[in-house]
Amino acid sequence: MIREALTEDLDAILELYLYLHESSIPEKDAHLVETWRQIIDDPNHHLIVNEIDGQIVSSCVCVIIPNLTRGVRPYALVENVVTRGDFRCRGCASACLDYARQLAEQADCYKIMLLTGSKKPETLRFYEKAGYDRGEKTAFIQRLRKDQ
């Protein structure tokens, strides 16, 4: 079942992020709880999950960003696409990306952007199959903290 995250999904999502790039589950301190509250309460921030048999197995984030160009149409940014290792290649993440595209279309976005740090050919093919064009733009990243 594809749906947006609920307040009570925090622990399951943090566990799922171990399959993304996290090496441990962060401490549930005041900062984490406040950040989670901001995500859940923001109508433009959509944390999409794919739940199978009561277990969150895949997820992505879709943020709708208001914009003053392109006819004052927003755009969407997709991040943190992840699937549990034992559920990969079953269409779980594709379903999350489809849901993100539907949200972007409903918000009248003129584009969706997605960045990946992966250089794996199978990952790049996955995003291309999902409709993303890696040759259209060039992305630049500036890290703001050297410890990350």
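Preceding this section is the structure that the text describes.
What comes next concerns the included structure. (Residues numbered from 1 in each chain as written. Predicted model: local features only at pLDDT ≥ 70, side-chain atom pairs only at ≥ 80, totals over all residues. Heavy atoms only, no water.)

### Some thoughts on the overall build of the chain
Here comes step 1: What the chain contains, in helices and strands, is 4 helices and 5 strands.
Here comes step 2: Along the chain direction, N to C, the helices and strands of the chain fall in the order β-α-α-β-β-β-α-β-α.
Here comes step 3: Whereas a compact globule of 148 residues would reach a radius of gyration of roughly 15 Å, the chain reaches 16 Å, a difference of no more than 12%.
Here comes step 4: Along the three orthogonal principal directions, the C-alpha set of the chain runs to about 40 × 35 × 35 Å.
Here comes step 5: For the chain, the proportion of its 148 residues judged to be buried stands at 31%.
Here comes step 6: Summing over all exposed atoms, the chain offers an accessible surface of approximately 9,900 Å²; the carbon and sulfur share of this is 51%.
Here comes step 7: Separation between the mean location of the 19 positive side-chain charges and that of the 23 negative ones in the chain comes to 8 Å. (Helix = DSSP H or I, 4+ residues; strand = E, 2+ residues; numbered from the N terminus. Rg over C-alpha atoms; globule rule 2.2 N^0.38 Å. Buried < 20%, exposed > 50% of the residue type's maximum accessible area, 1.4 Å probe, protein only. Areas by Shrake-Rupley, 256 points an atom, 1.4 Å probe, with all protein chains shown as cover. Lys, Arg positive; Asp, Glu negative; His and termini not counted. Charge placed at Lys NZ, Arg CZ, Asp CG, Glu CD.)

### As for the sheet that holds strand S4 (residues 75-83)
Here comes step 1: Taken together, 5 strands build an open sheet; the order of strands is S1-S2-S3-S4-S5 and the sheet is mixed. Of all the strands in the sheet, just strand S1 (2-4) and strand S5 (112-114) have a single pairing partner and so form its edges. Neighbour to neighbour, the strand axes of the sheet diverge by 30° on average, direction disregarded.
Here comes step 2: Note: S1 against strand S2 (residues 45-52), 3 bridges, orientation antiparallel. (Pairing = 2+ DSSP bridges. Axes fitted to C-alpha atoms, helices over the stretch in contact; angles between N-to-C directions.)

### Focus: a nonpolar patch on the surface
Here comes step 1: Nonpolar side chains collect at one region of the surface, where Leu18, Tyr19 and Ile25 lie side by side and expose about 240 Å² of accessible area between them.
Here comes step 2: Its place among the elements puts Ile25 in the loop between helix H1 (10-16) and helix H2 (30-41). (Patch = residues over 30% accessible without salt bridge, like charges linked within 9 Å, V, L, I, M, F, W, Y side chains within 5 Å. Salt bridge = Lys/Arg side-chain N within 4 Å of Asp/Glu carboxyl O.)

### What about unusual backbone geometry?
Residues apart from glycine generally show negative phi values, whereas peptide bonds are mostly found in trans.
Here comes step 1: With a phi angle near 65°, Cys89 is a residue other than glycine that sits in the positive phi range.
Here comes step 2: For Cys89, the location among the structural elements is in the loop between S4 and helix H3 (92-106).
Here comes step 3: Note on Cys89: relative accessible area 85%, which makes it exposed.
Here comes step 4: Despite not being glycine, Asp108 has its phi angle at roughly 60°, a positive value.

### Considering the pattern of salt bridges
Here comes step 1: Counted under the stated rule, the structure contains 10 salt bridges.
Here comes step 2: Residues Asp9 and Arg3 are paired through a salt bridge, measuring 2.6 Å at the closest nitrogen-oxygen approach.

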